[in-house]
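One-letter residues, chain by chain:
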Amino acid sequence: MDNLAAYSIPALVQAAANGYGDKICAMAPERTVTFRQFAADVTAIAKHLETLGIAPGERVAILDVNSLNFLESLCALGVLGAIAVPLNYRQRVPEYRFQIEDSGARLLLVNSRYRAEAEELAPSLELGWRTIDDPVQIGLPATAGGKVGGRPIRLSDLDPATPLAICYTSGTTGRPKGAVIDQFTANLRAFKLMYDLRLGPDDVMHMTTPMFHISCLMLSLAALQRGAAQLILPQFDYETTFAAVQEHKVSFINTVPTILSMALNRDDFTPDVLAGLRMIMYTAAPMSLPLLRQLMSVYKGGLVQFLGQTEDLPQTVLTPEDHRNALAGIAVGRLESIGLPSAGVDLKICNDAGARVPAGEIGEIVTRAGTAMSGYWNMPDETAATLQDGWINTGDLGHQDPDGYIYLAGRKKHMIIRGGENVYTSEVEPVLLEAPGVRDAVILGLPDETWGEIVVAAVTSDGSAADGDAIIAHCKQYLASYRCPEKIYFVAEMPLNAAGKVLRHALLDMIVEMQ
């Protein structure tokens, strides 16, 4: 374990404090800290949690917006050898209760804005709850963020196989599952992101994605590893966020296509708000070609797309060079891809029997990179179905071109079978997005006695007069008839999870109610 101990959370916090010292680590509304101050805070919180009765291996839930206290508390649990259970603040008490009881969390660290929810959850928590935005309640001294002595930080080594977090999956198709991420895996994921993003100690990073989401957590660890500063804001708000991005000279931002679309389509948007950014990383889903072209027309910095999931990341990367080449008219079609396998990722496209399929043929994307989850918490059957000899069966369908680029064809569970013909979301949704009046579109399958399933589409309007019959007629110009939606359902907004992914089961419920 001696060499591998360097891949634990205590080793990461210690190395960052000793290596980057008085350099700014994080800027947040509550305070600004150096790397040395960050380590001192983490140590204080860990000691306090221990006095509350939290032992190694025990679980502590965190319900908070993005905050410095959230990040420090997560690292403190890692130092202690306890396991964090980040909760999605957009969910509701029954969902929190399930995750708390499923994980066996004994304590809840909660933002005071969720005090009412904490009171409801208290009967499920052996040690109750503490307010995470009250420094005293999480063990921080009144001088938190103050000057720290110059002596080297020393933290006890920990087995890097120790679980760091139980991260509940998005649940776009059903009940969430708790993916267990150990400390070694978290460090390795962060290193890979740092490498592919070309992060440097002069970077100032800001993540618009929620801190309970796996990509944001791994990027925060990558910033600690590289000595990059982080701007931490509670939630995305266009005016507040971009004012702070400009004030703090942010060079790197992580976001999702939904937020970029909202920003670009505001009446008060100006390209100046993006001018200082070196890199925009977008995750959760590929960006539609119309939105990508719109962004690239007003932003001249680097663009990078990563695809991954709670169970394993990063899996693929579409590099800044890929984006720049496409803008110059070279291999433009690659903008529709999710890129090449990320560094160290072995990727294959498999049929239902697990055999590789020929290039160009659609199958399930399967990856192995040493960054897979340990398994699903208390779900051995689901673990065995997803994780096999280090390979993750992603549930994503796609194909690979002769140059190795991967193109998504939708989720395996989202494939529609109409009269024996397979219909993939990637074949239909891009065509829908080019139809007049369409801002966003998702296809779904509805049961049908004759065809088994029929294709329908949920559509949001771009503000102009959109007509369902005209949209269907548009599709029939470009698609085989069995792939075309038979009915268009207009919705005000798509239901999204915290990662910006469409909640298809919720959308399907909405459509059923419209019938």
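Placed above this text is the structure.
Attention now goes to the sheet that holds strand β11 (residues 252-255). Read across the sheet, nine strands follow the order β2-β1-β10-β9-β11-β12-β13-β14-β15 without closing on themselves; strand pairing throughout is mixed. Both edges of this open sheet fall to β2 (32-34) and β15 (340-341), since each of them pairs with a single strand only. Relative to strand β10 (residues 229-231), strand β9 (residues 204-207) is paired through three bridges, and the arrangement is parallel. Looking at β10, one finds that Val204 is bridged to Ala229. Across the sheet, helix α2 (residues 35-51) is in contact with β1 (24-27) and β2; its angle to β2 comes to roughly 100 degrees. Helix α7 (residues 214-226) rests against β1, β9, β10, β11, β12 (279-282), β13 (302-309) and β14 (312-318) of the sheet, and its axis sits at about 165 degrees to β9.

Phe38, Leu49, Cys75, Leu108, Leu197, Leu221 and Phe252 are the most contacted members of the largest nonpolar core, which has 94 residues in total. Sequence-distant contacts of Phe252, defined by excluding residues within four places in its chain, comprise Leu197, Leu199, Val204, Met205, His206, Met207, Leu219, Leu277, Met279 and Met281. With 33 residues, the next largest nonpolar core counts Leu231, Leu233, Val250 and Leu318 among its residues.

So, about the packing of aromatic side chains. Taken as a whole and judged by the stated rule, the model has seven aromatic pairs. Pairing Phe236 with Phe242 gives two aromatic rings, centres 6.2 Å apart and planes at 85 degrees, and the pair type is edge-to-face. With a relative accessible area of 7%, Phe242 lands in the buried category. Ring-pair connections join several aromatic residues into one group, and the members of that group are Tyr7, Phe184 and Phe191. Cation over ring: Lys348 sits above Trp391, and NZ or CZ is 4.0 Å from the ring centre.

Time to look at the sheet that holds strand β26 (residues 488-490). Taken together, the three strands give an open sheet; going across it, the order is β24-β25-β26, and neighbouring strands pair in mixed fashion. The strands lining the two open edges of the sheet, one partner per strand, are β24 (438-448) and β26. The sheet shows a mean angle of 30 degrees between the axes of neighbouring strands, taken without regard to direction. Here ten bridges tie β24 to strand β25 (residues 452-461), and the two strands are oriented antiparallel to one another. Note that in β25 the partner of Asp448 across the bridge is Gly452. Contacts between helix α14 (residues 468-478) and the sheet are confined to β24, β25 and β26, with β26 contributing the most and set at about 135 degrees to the helix. In the packing of helix α15 (residues 504-514) onto the sheet, contacts are made with β24, β25 and β26, and the angle to β24 comes to roughly 75 degrees.

Reading the values: the criteria
Residues numbered from 1 in each chain as written. Predicted model: local features only at pLDDT ≥ 70, side-chain atom pairs only at ≥ 80, totals over all residues. Heavy atoms only, no water. Pairing = 2+ DSSP bridges. Helix = DSSP H or I, 4+ residues; strand = E, 2+ residues; numbered from the N terminus. Contact = heavy atoms within 4.5 Å. Axes fitted to C-alpha atoms, helices over the stretch in contact; angles between N-to-C directions. Core = buried A, V, L, I, M, F, W, Y, C linked by side-chain atoms within 4.5 Å. Buried < 20%, exposed > 50% of the residue type's maximum accessible area, 1.4 Å probe, protein only. Phe/Tyr/Trp six-rings, centres within 6.5 Å; stacked < 30°, edge-to-face > 60°. Lys NZ or Arg CZ within 6 Å of the ring centre and 35° of its normal.

Shape is all these values report; function is a separate question.
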